[in-house]
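Spelled out, the chains give:
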Amino acid sequence: MKTTYLLAGLLLATFTLSSCHTLEEKISPAGILIAGTAVEDRIDMSYNFFLNHYDDVVYLAAEDDYTFLVGADSHVTTDPGRMDEMLAIGLRDDDLFYAHLGDIADTKARYYITLDSLLQEGKKRYVAAHYREIDPFHYVSDRNPDENPLTLTYDEIVFPFFPVVGNHDITRNGWALWSSIFHSSFYEIDVVVFLKDGDIAFDHLIFLDSASGTLGQTQIKLIEEGVLNGKYLTGGYRNTFVFSHTNIFRPQFNEFASTFTREETFYLLDKFEEWNVSCVFCGHVHMWDERNYNGVHYLTLEAMSERNNPDPGDYLVRIHVGADGSLSWTPVHMNYTPKR
Amino acid sequence: MRRYLSTLLLLLLFLPSRPCAYAQVYSGERKFDGIHRNEVSANLAGGFNVVSGAFFGEAGTYTHHFTDRWSLSAGQQVQFLKWLCSADVMGTYRLPLGRTNLYFDGRLVNNFYTQWDQYEILINASAFWETSHFDLRLGMSYIHYYKYKIKEEYQWFTDAGYTEPPTITFGVGLNLLPRTSSWNLGLFLRNYDQFYYENWNINWGIRFHATLPWNEMKLFGEFNIRPAGSLSQLATRYETSLKMGIKYVW
């Protein structure tokens, strides 16, 4: 009889938890871990920001060929050495932009203060390297080959560091911290390439919010409405690159992080084909994987975190986009070792 | 009003009957009851999925017990609006262990997600231990999927197909009453369902069954919550569904 009462209690608890789960979208099956802000709320906020700041990043301008640097899972805590190294490498090798695949910092306010300071310092170095001061308050880009480049104030200059949000970024109050720096987890950017022969080509960057293991209903609805089909160009992109925290393909048997569910995996594989994506970049599993699926290339990156990978190694990837639109990638070595 | 509702619920739960044997869906003991060699189950299902929105469909399974130890099942499902068609076959060997039973299941499932032109082939080998109040499944899945409409320049099964690394299958179930009862309520938590095997996304919920006044028939059902990202510790609503069906043995 006692067993029956015990089991009845368990059933009641399950009903209670399942109701919470359905309504709040915040409770894990264990009913313990709290995700903070659910994906639908994050997309609402991100899309609202996207609409209100539609023209903040007009475009990234490149001449002929260009490179960009991708890193994943830095899990910044008190030691931001690897993040600092990533910014320094990109500046040294003249990469057009940085992309970060999420889990940028573990969710404590002081870690985000450290990260924000690092990015502010990174912007100062970037502006010093790539902008010309025309008066005490205005700058002109040295990179933009446009005959009449924009004159910008320091605040208007966009530091080209583009992250997606990861599951560790949204635990507890993570979203509040993450969004206070990066604002949007769901956005797109165009790269305008001025070719030597006078032609112009367009490449497309798409950043998805997959931190919850699903894009969620709102994000899928917006995608289906064509929100990510291009700001200025609908179709006709030379290359499209997609950045997502959650990975599509599992690198190994003994990899225990959850990927997308069945239907969502197939939806995304189909959508990437529809967008004519050249390469999808993923993080999350802290393991390297490279493969093709029906014409789309998928790279899953190792964690650059000094805690997960304390030894120096090839944790970043540099993508080379040729003047003819051809693509190749090279691993980028990181030397920083954590303080012991 | 409350009294009428509780009476109706009790009537549903305590329908007079004797237990009988059933296999693939939750409905008591899986083993051959010694009388009825054939079983057929049919259920309706409906729910909401983040990707496809609302969906509904049906599923059916036929099981034949060749002996007290060996049985074979074949099933199918169609889910409208999700546009999913599935078929499976499963062979089972039962090994009695004292008052409990250990089942060895070998299963082949084929899914066709028509709106995305994706075929999925699943092979699962697992052991299912069934006790009076508790059950446990452990096994391994082979999962391969491929695009039905591939781009002309890509090769079949190389650029258009993917085989997942071997995937562990796990599931636990808990019953309120002994398994031989004519009705029961239970909890389950697992990384698979009747026609899919996930890697680390678990689903969980509540299941019930009750024998109908005609002894050869049972009512069964399941309320299933399928979160995304569950083993990344941030379970988020992905799919909620309800399944209700009838089983008949002869």
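Residues numbered from 1 in each chain as written. Chains lettered and ligands numbered in written order. Predicted model: local features only at pLDDT ≥ 70, side-chain atom pairs only at ≥ 80, totals over all residues.

*Asks:* Report on the overall build of chain A, specifying residues and quantitative values.
*Replies:* The number of helices and strands found in chain A is seven helices and 15 strands. For chain A, buried positions account for 43% of its 340 residues. Pairs at least 24 residues apart make up 70% of the contacts formed inside chain A by residues separated by at least 6 positions. (Helix = DSSP H or I, 4+ residues; strand = E, 2+ residues; numbered from the N terminus. Buried ≥ 20, exposed ≤ 12 C-beta atoms within 10 Å, placed from the backbone. Contact = placed C-beta atoms within 7 Å.)

*Asks:* Talk me through the sheet that holds strand 15 (residues 327-334) of chain A; I want residue IDs and the actual numbers.
*Replies:* All names here are of chain A. If you walk across this open sheet you meet the five strands as 7-3-2-14-15, and the pairing is mixed. Either end of the sheet is taken by a strand with one partner, and the two such strands are strand 7 (161-163) and strand 15. For this sheet, the mean angle separating the axes of adjacent strands, direction not counted, is 25°. Bridge analysis of strand 14 (residues 313-321) against strand 15 gives eight bridges, and the strand direction is antiparallel. When the bridges of strand 15 are listed, I319 appears paired with W329. Its contacts with the sheet place helix 3 (residues 81-92) against strand 2 (66-71), strand 3 (97-100), strand 14 and strand 15, and it is angled at close to 175° to strand 2. (Pairing = 2+ DSSP bridges. Axes fitted to C-alpha atoms, helices over the stretch in contact; angles between N-to-C directions.)

*Asks:* Can you break down unusual backbone geometry residue by residue, with the values?
*Replies:* Residues and elements named next belong to chain A. A positive phi angle, close to 70°, is found at H183, a residue other than glycine. Turning to its location among the elements, H183 is positioned in the loop between helix 5 (174-182) and strand 8 (187-194). Since 16 C-beta atoms lie within 10 Å of it, H183 is described here as partly exposed. Phi is positive for H284, which is not a glycine, with a value near 80°. The residue H284 is located in the loop between strand 11 (279-282) and strand 12 (289-293) in this model. Take H284: there are 29 C-beta atoms within 10 Å of it, and that puts it in the buried class.

*Asks:* Which residues make up the sheet that holds strand 5 (residues 138-141) of chain A, and what values go with them?
*Replies:* Residues and elements named next belong to chain A. Strand order across the open sheet formed by three strands is 4-5-6, with antiparallel pairing between neighbours. Strand pairing shows two members of the sheet lacking a second neighbour, strand 4 (131-135) and strand 6 (151-152), which therefore form its edges. By the bridge criterion, two bridges tie strand 5 to strand 6 in an arrangement that is antiparallel. Counterpart to V140 in the pairing with strand 6 is T151.

*Asks:* Can you tell me about the nonpolar core, naming the residues and giving the values?
*Replies:* Core analysis: the largest hydrophobic core is formed by 95 residues, its most contacted members being V70, F243 and F281 of chain A. When sequence neighbours within four positions are dropped, the list of residues in contact with V70 of chain A reads A99, L101, F281, L301, L316, V317 and I319 of chain A. (Core = buried A, V, L, I, M, F, W, Y, C linked by C-beta atoms within 7 Å.)

*Asks:* Outline helix 6 (residues 216-224) of chain A, listing residues and values.
*Replies:* Structurally, the α-helix is built with 3.6 residues per turn, so residues lying three or four positions apart point the same way. Residues and elements named next belong to chain A. Residues of helix 6 that are buried: G216, Q219, I220 and I223. With its buried residues spanning 100° around the axis, helix 6 presents them on a single face. Residues of helix 6 that are buried in the fold lie against helix 2 (39-52) and helix 7 (262-274). In the segment just after helix 6, G226 is the residue with positive phi, at about 90°. (Arc of directions from axis to C-beta.)

*Asks:* Account for the environment of R143 of chain A, naming residues and giving values.
*Replies:* Mapped onto the fold, R143 of chain A is located in the loop between strand 5 and strand 6. The contact partners of R143 of chain A, leaving out residues within four places of it in the chain, are A61 and H130 of chain A.

*Asks:* Let's hear about the packing of helix 2 of chain A against helix 6 of chain A: which residues, and what values?
*Replies:* Any two packed helices are characterised by how steeply their axes cross, that is the angle between the axes, and by the distance between the axes. All names here are of chain A. Packing of helix 2 against helix 6 leaves a shortest axis separation of 6 Å and a crossing angle of 40°. When the interaxial angle is binned, helix 2 and helix 6 end up oblique. Note on element contacts: helix 6 touches helix 2 through G216, Q217, T218, Q219 and L222, opposite V39, E40, I43, D44 and Y47. Across the contact of helix 2 with helix 6, the residue classes break down as four nonpolar, four polar and two charged. (Parallel < 35°, antiparallel > 145°, perpendicular 65-115°, else oblique. Nonpolar A, V, L, I, M, F, W, Y, C, P; charged D, E, K, R; others polar.)

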